[in-house]
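# What the coordinates show
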Amino acid sequence: MRPTRPNRPARLRRPRGPGRLTAFLLFAATALFPVATPSAAAEPAAVPVAATAASPAAAPVPVPGQLQPYDVDAVYSAGISSGGYMATQLHVAYSGTFSGSAVFASGPYNCAQNTLSTALNACMNTVQDLQLAQLEQTTRNWSTQGLVDPVANLSGDPVYVFSGSGDSTVKRPVADALADYYGRFGARVRYDRSTAAGHAWISPLGPNSCTVTQSPYINNCGIDAERDLLGHLRGSVAAPSATPGGTLIRFDQNAYAPGGTAALSLGAEGFVYVPKSCSDGATCSLMVALHGCKQGYTYQGFGTQFVDRAYLNEYADTNDMIVLYPQAAATGTLENPNGCWNWWGYLGDSAYARHGGKQIEAIMGMVRALRGDSTPPPVADRVTLSSVDAQDGYVKAAADGTGAAVGPLEDSYGLALGRGTDANVNRTLLSFDTSRIPAGKEITRAYLTVARSSGVGDPWSSPAGNRLLVDVRTGCFGGCAVEPADWSAAATVAGGAGFTAFSSGSATSTDLSAAALAALDRSGTTQVRLRFESAPTSTAYLFVNRDTPVTLTVEYR
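These remarks concern the structure in this document.

Reading guide: rules and limits
- Residue numbers restart at each chain and count upward from 1, following the sequence in its written direction.
- Thresholds applied to this predicted model are a pLDDT of at least 70 for local features of residues and 80 or more for the giving and counting of side-chain atom pairs; totals over whole chains, interfaces and linings are not thresholded and use all residues.
- Values shown for side chains rest on all heavy atoms present in the structure; no hydrogens or waters enter the calculation.
- Here a helix means four or more residues in a row that DSSP labels H or I, a strand means two or more in a row labelled E, and each is numbered from the N terminus.
- Only heavy atoms matter for contacts: two residues are in contact if any of them lie within 4.5 Å across the pair.
- Areas reported here follow the Shrake-Rupley algorithm with a probe of radius 1.4 Å; residue values treat only the protein chains shown as occluding.
- Pairs of cysteine sulfur atoms within 2.5 Å are identified as disulfides in what follows.
- Between buried and exposed lies partly exposed: a residue is buried under 20% and exposed over 50% of the maximum accessible area for its type, with that area taken using a 1.4 Å probe on protein chains only.
- As used here, the term nonpolar core means buried Ala, Val, Leu, Ile, Met, Phe, Trp, Tyr and Cys residues forming a set that is joined through side-chain atoms within 4.5 Å.
- Between any two strands, at least two bridges found by DSSP are needed for them to pair.
- Salt bridges are counted wherever a side-chain nitrogen of Lys or Arg sits within 4 Å of a carboxyl oxygen of Asp or Glu.
- Here, axes are lines fitted to C-alpha atoms. For helices the fit covers the stretch in contact, and angles between N-to-C directions go from 0 to 180 degrees.
- Under this scheme an angle from 65 to 115 degrees is roughly perpendicular, one under 35 degrees roughly parallel, and one over 145 degrees roughly antiparallel; angles in between are oblique.
- Here the nonpolar group is Ala, Val, Leu, Ile, Met, Phe, Trp, Tyr, Cys and Pro; Asp, Glu, Lys and Arg are the charged ones; every other residue, Gly included, is treated as polar.
- Between the first and last residue of a helix there are one fewer steps than residues, each counted as 1.5 Å, and that sum is the expected span.

Let us look at the overall build of the chain. Helix and strand content of the chain: 13 helices and 24 strands. Counting contacts in the chain only where the partners sit at least 6 residues apart, residues at least 24 apart contribute 76% of the total. For the chain, the exposed area adds up to about 21,600 Å²; of that, 51% sits on carbon and sulfur atoms.

Structure, rendered in structure tokens:
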């Protein structure tokens, strides 16, 4: 899990002697990766593995082969520690492909923010604020920019999170933040924090007792976590087989790593477990299972212990599930000496958490090969339309719509939403020249982006659960210039999208519904009205886009 400190640029700290920096890095590596030797209090007297956990029953012997296409209908990710961070990165970056995720002992998406000190102090320890609201906003911004898949895909996705109270490597508040992060996007989170587990993958086949943190980092806590996570991800799960009866294929990962696996800190070999039903043509799901640091195949002779003991192959047999086990590998430098997955930006890969991340794209290549899609999906064409400033404005009225008037403060504060100090409720009107969408193209997606200028209170919680909605009108609500009647004029599609609460910066709406997409006027103007679903019960409002126009991004093919 733990990263080690790479060489810092000389401009940050110049060593006083030629060996000073190297000595510091070696010391840091030793301090961060001590050999785990549990104390007598932490670990009972040694007992045979058979007394503490079931041994893998005739674990399949890997056979050489290649990835080939199967009938795959759903893809999930799962991981422990650095593999947990990578599992989340895959799910968020490619939420159009991944339908859910299961994570042991890790934190929220993009937690390290490409900074080693943040990884160490905020995403493992808790001496630094991990800035969850900023992580959420960055995700939304990246979604708007097409750097990750639409965040609306995450709504309703099943997510399983596990944290043991005995985990001092990734502390409990960090895992809490992961559960909170997913909840902000509407995911269905199941959070297991019921045991005193150490830092480990939890499995009935784990050779370690529950509370320890030591190799092979697979612990038996007297529960079947795989049954729980698979049941949550899939909705139901059949009992596991007693002995894996499928085929474990060892394949060359170089085929999916531009420049070779060594340049990406990947192992030369990866593994995929294929049940007989899947190889015989059944429709199967795909689980991408990601080991943690020091658990890779080539790490100090670790071998296939994670593959054999994760307790996924047994469930794969009886649930028509292929399990892909990509492999990270240690570098010969201090960049990644423990074979962790890239969750903090090592080897100069600043895109590690999003589209274009080198390890992410390598794994996606493997996923596409198993799904029979050997080429990446085409990037959608898009046009971003700015609202027509001369036709933008806001209208205020009593909660029942009486006494409507055009708001006077746009130039000073921006476009108002919510209930002002005068007890009137504000709604914002925006116009877009949607004739700029190329003719003859199919619109596949559209969304709005707004920037908060200022505000008072939280209109999303007044009343609790209030929603900021997007009404769409083909043409204009009345005249295209803002007028009092726009407050209550009928929309072509009411509530065609929405915004979750945001307290600063920019925010992106959910994708416009199919009906709202159809309401976009391809030959002229489309107007949009932003309004809170319920009139706030007390003063609570925000102003948006004082200095910049609202944008409507339309994707097409």
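Looking now at the state of the cysteines. Inspection of the entire model under this criterion finds 5 disulfides. The residue that forms a disulfide with Cys278 is Cys284, at a sulfur-sulfur distance of 2.1 Å. Here Cys278 and Cys284 share a disulfide; its torsion about the S-S bond, -105°, makes the bridge left-handed. Exposure class is identical for Cys278 and Cys284. Each is buried. Across the chain, the disulfide pattern expressed with sequentially numbered bonded cysteines is 1-2, 3-4, 5-6, 7-8, 9-10.

Further remarks concern the nonpolar core. Core analysis: the biggest nonpolar cluster contains 74 residues, and Leu90, Val272, Val288, Ile322 and Leu324 have the highest contact counts within it. Considering every element that reaches this core, the biggest residue donor is helix α11 (residues 358-371), with 8 residues. Not counting chain neighbours up to four residues away, the residues in contact with Val272 comprise Leu67, Thr247, Leu248, Ile249, Phe251, Ile322, Val323, Leu324 and Leu370. Listed in part, the 37 residues of the second largest apolar core include Phe162, Ile202, Leu205 and Val307.

Moving on to unusual backbone geometry. Omega for the bond connecting Ser215 with Pro216 falls within 30 degrees of zero, at 10°, which places this linkage in the cis form. Mapped onto the elements, Pro216 comes out in the loop between β7 (208-209) and β8 (218-220). At the junction of Ser462 and Pro463, the peptide bond is cis and its omega measures out at 0° in the coordinates. Its identity is not glycine, yet Ala105 carries a phi of approximately 55°, on the positive side. The phi angle at Ala423 is positive, at roughly 75°, despite the residue not being glycine.

A few words now on the sheet that holds β7. Here 3 strands make up an open sheet; going across it, the order is β6-β8-β7 and the pairing parallel. The strands lining the two open edges of the sheet, one partner per strand, are β6 (201-202) and β7.

Attention now moves to the pattern of salt bridges. Inspection of every chain in the model, using the stated rule, returns 16 salt bridges. With a shortest N-O distance of 3.2 Å, Arg184 and Asp180 are connected by a salt bridge. You can see Arg184 and its partner Asp180 sitting in helix α6 (residues 172-184), 4 residues apart, about one turn around the helix. Take Arg184: its relative accessible area is 29%, and that puts it in the partly exposed class. Owing to a relative accessible area of 36%, Asp180 belongs among the partly exposed residues under this scheme. In this structure, the salt-bridge partner of Lys396 is Asp422, at a minimum N-O distance of 3.3 Å. In this pair, Lys396 sits in strand β14 (residues 393-397) while Asp422 sits in the loop between β16 (415-419) and β17 (425-433), placing the two residues 26 residues apart along the sequence. In this structure Asp422 comes out as partly exposed when scored by relative accessible area, which is 39%. What you see here is one network of salt bridges that share partners, running through Glu136, Arg140, Asp180 and Arg184.

A word on the sheet that holds strand β11 (residues 284-290). Working definition: the strands of a sheet are paired by backbone hydrogen bonds and lie parallel or antiparallel to each other. Ordered in space as β1-β9-β10-β12-β11-β2-β3-β4-β5, the 9 strands form an open sheet in which the pairing is mixed. Edge positions in the sheet fall to β1 (63-64) and β5 (188-192), since each of these pairs with one other strand and no more. By the bridge criterion, 7 bridges tie strand β2 (residues 72-80) to β11 in an arrangement that is parallel. In the strand pairing of β11, Ala74 is matched with Ser285. The sheet strands contacting α6 are β3 (98-104), β4 (158-162) and β5, and the helix crosses β5 at an angle near 165°.

On to the packing of helix α3 (residues 82-93) against α6. Look at α3 against α6: their axes get within 13 Å of each other, and the N-to-C directions meet at 10°. In terms of their interaxial angle, α3 and α6 are classed as roughly parallel. On the side of α3, the interface is formed by Tyr85, Thr88, His91 and Val92, while α6 contributes Val174, Leu178, Tyr181 and Tyr182. Along the lines of polarity and charge, the residues of the contact of α3 with α6 split into 6 nonpolar, 2 polar and no charged.

This part covers helix α5 (residues 132-144). For α5, which comprises 13 residues, the first-to-last C-alpha distance of 19 Å matches the rise-based estimate of 18 Å (1.5 Å per residue) to within 8%. Burial analysis of α5 places 10 of its 13 residues in the buried class, which makes it a mostly covered element. Buried-residue contacts for α5 involve α3, α6, β13 (381-386), β18 (443-456) and β21 (506-508). Backbone geometry just downstream of α5 places Gly146 in the positive-phi region, at approximately 80°.

With that settled, the discussion passes to the side chain of Ser509. Along the chain, the position of Ser509 falls in the loop between β21 and α13 (514-518). Look past the residues within four positions of Ser509 in its chain and what remains in contact with it is Tyr447, Leu448, Ala497, Gly498 and Phe499.

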